[in-house]
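# A structural walkthrough
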Amino acid sequence: MTETTHASILVSLLLCAGLVATGPVSGVALAGHDDGEHHHDGYDFDANLTSSVVHWQGQDLYVQGNASEVTYELHSVSDSGGQATVDEFVDTVTLDERASAVVDSSSLEPGEYVLLDDEDRVVRTNDRGVQTGTAPQSDTDAVDEAAFRIAEQEFSVTPEQDTSAPGSSLDFDVDSNRGEYDVEITATDVSSGELREIFGGTETDDGTRVSEVSDEIEADLTDVDTGTYTFTFSVTDTDEDSTATITVSEAEEMAFVDDNVRAAAGDTRTIDISTEPGDSGTLVVGSADKGYRAEVEFEDGDDDGRVSLTVNTFLAGNRTGSGERTAWSADDGDVITGVDLTTPALDEHLAATDYEMAVNSGGELQDVGLFDLHEPSVSNLTLRTAPERQYEDSLSEMTRTRTDRVAVDDVLIADVNATGVFGLLDAQPGDDDTERFRSLVGSRNASFWLELDETLGNQQPRLDTAESFENDAIRAYPDPENGTITVVMDEASLAFRNGQSSIQTGERYEVWFELDGDSAVVSSDQPVSSTVEFTERTATIETGESDQLWLPATRNATVDGSTTVAPGTEIGFNYRLDGLLSGATETEVRSNGTFAALVDLSDTDPGTNVSVSLRDFDAEAGGVVQAASEKPSEPMTPITESPITTTERSTGDATETTTEETTETTAEPVEPTTTTAGTVTATNASDEPRDTTAGNTTEDGAGFTVGVALLALLGVVLLGVRRQP
């Protein structure tokens with residue numbers, strides 16, 4: 001055999017093994033290009049179609065099945081008696097010769113969906129869009145695990161102020177129900193290069209692309225000429241967009257930051273004024289024909305070129321007889337030097353109407369605006385829960401999950417959406433927000449209570465609000481800017497009247513907030529309520545029909561389970577080998593009430609008895625450690641990838657729902673382990689974990705095995721080459 005022939009065989013083997021780069025390898029999720037889109041073996045898509053994950057309407061979703069040139073069906077999923085059920089046929093998904101397809105979600109209505117394979121079994125996919133298991137439609141747990149959600153993204157962009165000076169910076173506030181995503185910014189008569197200079201990001205054909213947008217987008221107006229500009233902000237992987245218009249003009253000596261300030265009558269609102277550093281002036285609000293006119297003299301005491309004056313519209317007009325000065329306050333560093341009410345005192349809070357605004361300096365008019373007050377209202381009450389241990393945390397640190405079922409002793413949270421109440425609340429006696437809220441609901445102005453929705457004797461047990469406050473069982477967090485009062489309750493410390501000592505498992509309570517018609521804020525009672533059911537604190541370790549754990553002898557064997565306690569709660573595990581305590585670990589409950597803990601069994605011999613118990617719960621399961629390549633004889637291939645977690649945290653808005661990918665590293669299975677259909681009880685993992693985050697280049701087990709075999713054959717050929725004389 002000649003040396004040339006050897007070289008030809010060598011190249012052929014390398015090509016077969018995929019070690020010579022002739023194109024992307026099928027089944028490998030490639031990292032996105034600079035344009036932020038994903039490319040995979042010639043497919044363009046926005047995300048991998050992943051079970052148990054929220055996808056956004058308009059995204060193109062990549063999926064890879066187990067067989068080529070077959071047709072899958074997309075069906076909606078409905079909730080039947082608390083169980084996930086395969087419902088109406090929606091569309092077909094045809095896998096090509098490489099067993100892949102891209103699903104366009106633009107026409108899908110928000111809701112739950114699932115794929116059925118050519119045998120009408122539900123398909124579970126991992127975070128690379130690759131099929132990892134199937135189960136019969138009759139297994140409702142498997143349907144729930146395999147389903148994915150399509151959600152409609154809400155998206156709007158508004159400038160922090162409509163007018164700005166050349167050379168200044170400006171923030172555009174972004175309001176969305178989604179976490180981080182990419183946005184392309186375009187504008188008429190502004191080049192893509194100029195847009196990149198203003199907003200940063202990556203230049204595109206039409207504008208600039210800003211990555212990882214969440215709450216705001218910053219704009220640098222250093223080199224922007226005076227004029228009016230309209231920018232279009234488009235989410236790159238959905239159909240959502242928003243426009244915002246600003247005017248760049250030379251700054252006046254003194255001007256309103258926002259010349260149209262809106263608030264509900266009875267609320268507090270801040271009026272911002274831009275000045276020359278250290279300047280003083282006079283703010284005038286109202287007019288004689290509107291029955292209210294106040295002059296507020298101010299000074300920029302901290303020389304920052306901005307004065308912020310806050311008015312309590314419940315107290316404005318000297319309705320309490322304590323003087324108009326009590327209705328006005330200034331931010332730290334700013335100074336109010338005088339307040340003069342030039343109209344007669346009012347009998348009630350400012351009426352819901354438009355009031356003129358003007359700002360003067362040095363006896364000259366500088367700017368005019370409008371103070372727009374609308375009618376107050378109480379719109380709804382939303383219930384959430386948080387882990388028991390988080391009651392002492394600040395609101396921003398709590399893991400808050402919307403629900404109508406709360407485990408006994410977990411934190412119960414009520415978000416009251418209301419306007420017109422915050423001036424009244426601010427006027428109550430008390431040293432902090434909770435004390436003022438206690439005063440508010442203890443007066444004729446408003447009420448807050450819990451009431452059992454089933455009759456106990458002749459009276460329903462009802463919250464003893466005063467004693468509950470004494471027990472430090474209720475804390476209040478008002479957010480006037482977003483019209484929300486968040487009431488956080490420590491269930492274990494709540495006190496009740498009418499024969500009830502504490503909340504009991506299985507009880508259903510109505511949670512009420514009412515703004516009274518006698519409060520001088522609204523003309524009639526405005527109550528809102530929601531119902532919550534209190535459940536037992538339970539946890540279950542998933543095993544399977546054999547009622548045994550199947551844990552592989554690897555360092556990332558996974559124990560899965562579910563619980564009724566709040567997402568974010570830490571679950572502690574102990575595990576024993578042949579009856580001896582061998583280790584402990586902890587994990588957090590996911591948003592869907594499931595949990596998964598990794599157990600290191602890499603140094604454990606197959607055949608060893610293993611048992612796992614949950615601390616603080618009466619839950620234990622046992623089994624036998626298996627060799628990493630062994631298969632328990634049960635019908636379904638397990639899903640080894642972790643689902644996406646959805647949590648809600650306070651971000652200054654009333655509530656923000658954030659969907660993010662679980663950050664744990666999942667080990668790649670050497671060979672799939674079968675378990676009970678729809679139940680994941682253990683993960684068969686290799687000794688070396690690897691990153692499975694979507695977008696990284698990875699390899700599937702089957703293709704890797706072929707590569708190893710070809711490399712072995714390559715070694716034989718190289719040995720033959722070396723032995724040639």
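For the structure itself, consult the block above.
Source: prediction; values computed, not measured.

### Looking at the side chain of Ser100
Checked against the element boundaries, Ser100 lands in strand β8 (residues 100-104). Reaching out from Ser100, the side chain makes a polar contact with the side chain of Tyr62 at a distance of 2.8 Å. Looking at Ser100, its side chain comes within polar contact range of the main-chain oxygen of Arg98, at 3.2 Å. If sequence neighbours within four positions are ignored, Ser100 has contacts with Tyr43, Tyr62, Val63, Gln64, Thr94 and Leu95.

### Brief notes about the packing of aromatic side chains
This model, assessed by the stated rule, comprises 17 aromatic pairs. Considering the side-chain rings of Phe172 and Phe231, the 6.0 Å spacing of their centres and the 85 degrees angle between planes classify their relative orientation as edge-to-face. Of the two residues, Phe172 sits in strand β15 (residues 169-176) while Phe231 sits in strand β20 (residues 227-235), which places them 59 residues apart along the sequence. Of the two residues, Phe172 and Phe231, neither departs from the other in class, the shared state being buried. An aromatic cluster is present here, built from Phe172, Phe199, Tyr229, Phe231 and Phe233 joined pairwise through their rings. Its end group placed over the ring of Trp449, Arg462 keeps NZ or CZ at 4.3 Å from the ring centre.

### Side note on unusual backbone geometry
Its identity as a non-glycine residue notwithstanding, Asp547 has a phi of 60 degrees, on the positive side. Residue position: Asp547 is located in the loop between β43 (539-541) and β44 (549-552).

### Re the sheet that holds strand β45 (residues 557-563)
Strand order in this open sheet of three strands is β43-β45-β48, and the pairing throughout is antiparallel. Unpaired on one side and paired on the other, β43 and β48 (594-599) mark the two borders of the sheet. Taking the axes of each pair of neighbouring strands and ignoring which way they run, one obtains an average angle of 30 degrees across the sheet. Direction of pairing for β43 relative to β45: antiparallel, over a ladder of three bridges. What sits directly across from Ala539, in β45, is Thr563.

### Observations concerning the sheet that holds β15
Strands sit in the order β13-β15-β19 across an open sheet of three strands; the sheet is antiparallel. Both edges of this open sheet fall to β13 (155-159) and β19 (216-220), since each of them pairs with a single strand only. Strand after strand, the sheet turns through a mean of 20 degrees between neighbouring axes, direction not considered. Here five bridges tie β13 to β15, and the two strands are oriented antiparallel to one another. The residue bridging Phe155 from the neighbouring strand is Ser176, located in β15. With respect to the sheet, helix α3 (residues 192-199) is in contact with β15 and β19, its orientation differing from that of β19 by roughly 110 degrees.

### As for the environment of Ser105
Relative to the elements of secondary structure, Ser105 occurs in the loop between β8 and β9 (111-116). With 45 residues separating them along the chain, Ser105 and Ile150 place their C-alpha atoms 7.8 Å apart. Once residues lying within four places of it in the same chain are set aside, the contact partners of Ser105 are Trp56, Gln57, Gly58, Gln59, Leu61 and Ile150. Separated by 2.9 Å, the side chain of Ser105 and the backbone nitrogen of Gly58 make a polar contact.

### Digging into the environment of Glu510
With respect to the helices, strands and loops of the structure, Glu510 is situated in strand β41 (residues 508-515). The spacing of Glu510 and Glu451 is 59 residues in sequence and 5.2 Å in space, taken between C-alpha atoms. Polar side-chain contacts of Glu510 include one of 3.1 Å to the side chain of Ser529.

### Details of the nonpolar core
Core analysis: the biggest nonpolar cluster contains 68 residues, and Leu283, Trp328, Phe437, Phe448, Leu450 and Phe513 have the highest contact counts within it. With residues up to four places along the chain from it excluded, the contact list for Phe448 reads Ala414, Phe437, Val441, Thr465, Val487, Met489, Val511, Trp512 and Phe513. One finds Ala187, Val210, Val235 and Ile246 within the second-largest nonpolar core, a separate group that totals 26 residues.

Conventions we followed
- Residues numbered from 1 in each chain as written.
- Predicted model: local features only at pLDDT ≥ 70, side-chain atom pairs only at ≥ 80, totals over all residues.
- Heavy atoms only, no water.
- Helix = DSSP H or I, 4+ residues; strand = E, 2+ residues; numbered from the N terminus.
- Polar contact = N/O pair within 3.5 Å; in protein donor to acceptor, adjacent residues only side chain to side chain.
- Contact = heavy atoms within 4.5 Å.
- Phe/Tyr/Trp six-rings, centres within 6.5 Å; stacked < 30°, edge-to-face > 60°.
- Buried < 20%, exposed > 50% of the residue type's maximum accessible area, 1.4 Å probe, protein only.
- Lys NZ or Arg CZ within 6 Å of the ring centre and 35° of its normal.
- Pairing = 2+ DSSP bridges.
- Axes fitted to C-alpha atoms, helices over the stretch in contact; angles between N-to-C directions.
- Core = buried A, V, L, I, M, F, W, Y, C linked by side-chain atoms within 4.5 Å.

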